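Structure assessment
Each chain is listed here by its residues.
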Amino acid sequence: MTEQGNEAPVADSASAAEVEGADGIRIRRRPVTGPPVHYVGPFQFRLENEGNTPRNILERIVWDKEAEMKERRPLYMLKGPLENAPPARDFFGALKASYDRTGLPALIAEVKKASPSRGVLREDFEPVQIAQTYEKNGAACLSVLTDAKYFQGSFDYLEAIRNAGVQCPLLCKEFIVDAWQLYYARLKGADAVLLIAAVLPNLDIKYMLKICKILGMAALVEVHDEREMDRVLGIDGIQLIGINNRNLETFQVDISNTKRLLEGERGQTIAQKGIIVVGESGLLTPEHISFVQNAGVKAVLVGESLIKQEDPGKAIAGLFGKDISPVSAA
Ligand SMILES: O=P(O)(O)OC[C@@H](O)[C@@H](O)c1c[nH]c2ccccc12
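What counts, and at which threshold
Residues numbered from 1 in each chain as written. Predicted model: local features only at pLDDT ≥ 70, side-chain atom pairs only at ≥ 80, totals over all residues. Heavy atoms only, no water. Helix = DSSP H or I, 4+ residues; strand = E, 2+ residues; numbered from the N terminus. Buried < 20%, exposed > 50% of the residue type's maximum accessible area, 1.4 Å probe, protein only. Lys, Arg positive; Asp, Glu negative; His and termini not counted. Salt bridge = Lys/Arg side-chain N within 4 Å of Asp/Glu carboxyl O. Near = heavy atom within 4 Å. Polar contact = N/O pair within 3.5 Å; in protein donor to acceptor, adjacent residues only side chain to side chain. Areas by Shrake-Rupley, 256 points an atom, 1.4 Å probe, with all protein chains shown as cover. Nonpolar A, V, L, I, M, F, W, Y, C, P; charged D, E, K, R; others polar. Axes fitted to C-alpha atoms, helices over the stretch in contact; angles between N-to-C directions. Parallel < 35°, antiparallel > 145°, perpendicular 65-115°, else oblique. Left-handed = near helix turned anticlockwise from the far one by under 90°. Contact = heavy atoms within 4.5 Å. Phe/Tyr/Trp six-rings, centres within 6.5 Å; stacked < 30°, edge-to-face > 60°. Pairing = 2+ DSSP bridges. UniProt positions renumbered as here; feature names shortened; annotations may be inferred.

For the rest of this paragraph, the subject is unusual backbone geometry. The backbone of Phe251 shows a phi angle near 75 degrees, a positive value even though the residue is not glycine. On the secondary structure map, Phe251 appears in the loop between β10 (240–244) and α11 (256–262). Residue Phe251 is classed as partly exposed on the basis of its relative accessible area, which comes to 28%.

Our next topic: the side chain of Arg246. In this fold, Arg246 is placed in the loop between β10 and α11. In this structure, Arg246 is buried with no salt-bridge partner, the nearest side chain bearing the opposite charge being Glu304 at 4.3 Å.

With that out of the way, let us pick up the site of the ligand. Looking at the ligand, there are 16 residues lining it, with Glu110, Lys112, Glu222, Ser281 and Gly303 nearest. At a separation of 3.2 Å, a nitrogen atom of the ligand approaches a polar side-chain atom of Asn244. Protein burial of the ligand: of its 440 Å² of free accessible surface, 98% is covered by the chains. By residue class, the composition of the shell around the ligand is five nonpolar, four polar and seven charged.

Between helix α10 (residues 226–233) and helix α12 (residues 264–273), whose axes approach to 11 Å, the crossing angle comes to 30 degrees. Classed by the angle they form, the pair α10 and α12 counts as roughly parallel. For the pair α10 and α12, the sense of crossing is left-handed. Each of Glu226, Met229, Asp230 and Leu233 in α10 lies in contact with α12, whose residues at this interface are Arg266, Thr269, Ile270 and Lys273. Its residues placed into classes, the contact of α10 with α12 shows three nonpolar, one polar and four charged.

Let's shift gears to the packing of aromatic side chains. Summed over the entire model, instances satisfying the criterion amount to four aromatic pairs. Centre to centre, the rings of Phe125 and Tyr157 are 5.7 Å apart; their planes meet at 50 degrees, and the pair counts as tilted. Taken together, the residues Phe125 in the loop between β5 (119–120) and α5 (127–136) and Tyr157 in helix α7 (residues 155–163) connect sequence positions 32 residues apart.

What follows concerns the sheet that holds strand β7 (residues 170–173). Ordered in space as β3-β6-β7-β8-β9-β10-β11-β12, the eight strands form a closed barrel in which the pairing is parallel. Strand-to-strand, the axes of this sheet are offset by a mean angle of 25 degrees, without reference to chain direction. One ladder, built from two bridges, connects β7 with strand β8 (residues 192–196); its direction is parallel. Each bridged residue has a counterpart across the sheet, and for Leu171 the counterpart in β8 is Ala192. This element, α5, spans β3 (106–111) and β6 (141–145) of the sheet and lies at about 170 degrees to β3.

Let us look at the environment of Arg89. Its location among the elements puts Arg89 in the loop between α3 (79–83) and α4 (91–102). Take Arg89: its relative accessible area is 28%, and that puts it in the partly exposed class. Among the polar contacts listed, one links the side chain of Arg89 to the side chain of Gln167, at a separation of 3.1 Å.

A few words on the UniProt feature "domain: Indole-3-glycerol phosphate synthase" (unreviewed entry) in the chain. Following the UniProt record, one finds the feature "domain: Indole-3-glycerol phosphate synthase" (unreviewed entry) at residues 58–317. As annotated, residues 58–317 comprises 45% helix and 17% strand, and the C-alpha atoms at either end are separated by 32 Å.

Applying the stated rule across the entire model yields 23 salt bridges. Glu226 is the salt-bridge partner of Arg260, the closest N and O atoms lying 2.9 Å from each other. Of this pair, Arg260 sits in helix α11 while Glu226 sits in helix α10, placing them 34 residues apart in sequence. With a relative accessible area of 29%, Arg260 lands in the partly exposed category. Here Glu226 falls in the buried class, since its relative accessible area comes to 9%. Where Asp311 meets Lys314, a salt bridge forms, and the shortest distance between an N and an O atom there is 3.7 Å. We classify Lys314 as exposed; its relative accessible area is 57%. One salt-bridge network, held together by shared partners, links Lys65, Glu68, Asp147 and Glu174.

Okay, here's the thing in structure tokens:
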């Protein structure tokens, strides 16, 4: 397999060696100090963009998440609640079963109030109701945004949806930078977590996969370009790969990204390993769904085009061009 990817230019403040040393990751971790202090005579000022200010939205989110981590409860305090958490459900199995039932990509429907690129998507946001209507109308799994600052999400939504009796397995949609978040997601009812390859080096992904396994959770490992895809294909034990059509550094959406990353040898390796690929972001019409299905995905992750409709559940039939709700609930 080739190591060549569509590599974005390396930004000024991260040297090529730094990027190479971190599995090609351009997103940097938060520096311990703020911007460096400069003096002119008696005056002191801080200069932004000397490597100590985030260069794009993904970097900003990750730095805020790292700061958030400092206020967390110690891990040992999660032990009790973790033992009382509802047992994890089979996220991978639910996707597979749905694909086998409908012959269409299994739907992971996203409970998403807002996003940094689109602002508020839905004013009257009732997460439990939305989750229930998604389930009734044929979603195989649900994705629940838990980041508060940029997506107006909450771990309370995850917990409330699980406690309301929704059966679909739940993906905790979070920016994971620390293993602590995996335990916390599980105790709030998550059955799967998102691991973003643009943020996490291979060693972190491997370590986090082990913890997910111990906790009984699936991991959806998200890639955006060829280089990330090749990295992830080199890691043993990955069952689910998400191809994000949205570049989290620039917000540009291009659904042909899914097709490009599944062409040739990469697609073959994925098929051999029995990996389910999830097409993510920017899917709005039945044509989009068949486009990514033809490219090789067996599941799709959809937020905006459902959540913006008056009835997000009913919107599922519109998105797929037909009713995909389970017979028993129809
Ligand atoms: O609302 P959309 O365009 O249908 O996209 C859903 C989902 O793919 C998107 O929310 C997403 C994909 N990867 C992420 C990582 C973090 C936050 C959000 C995301």
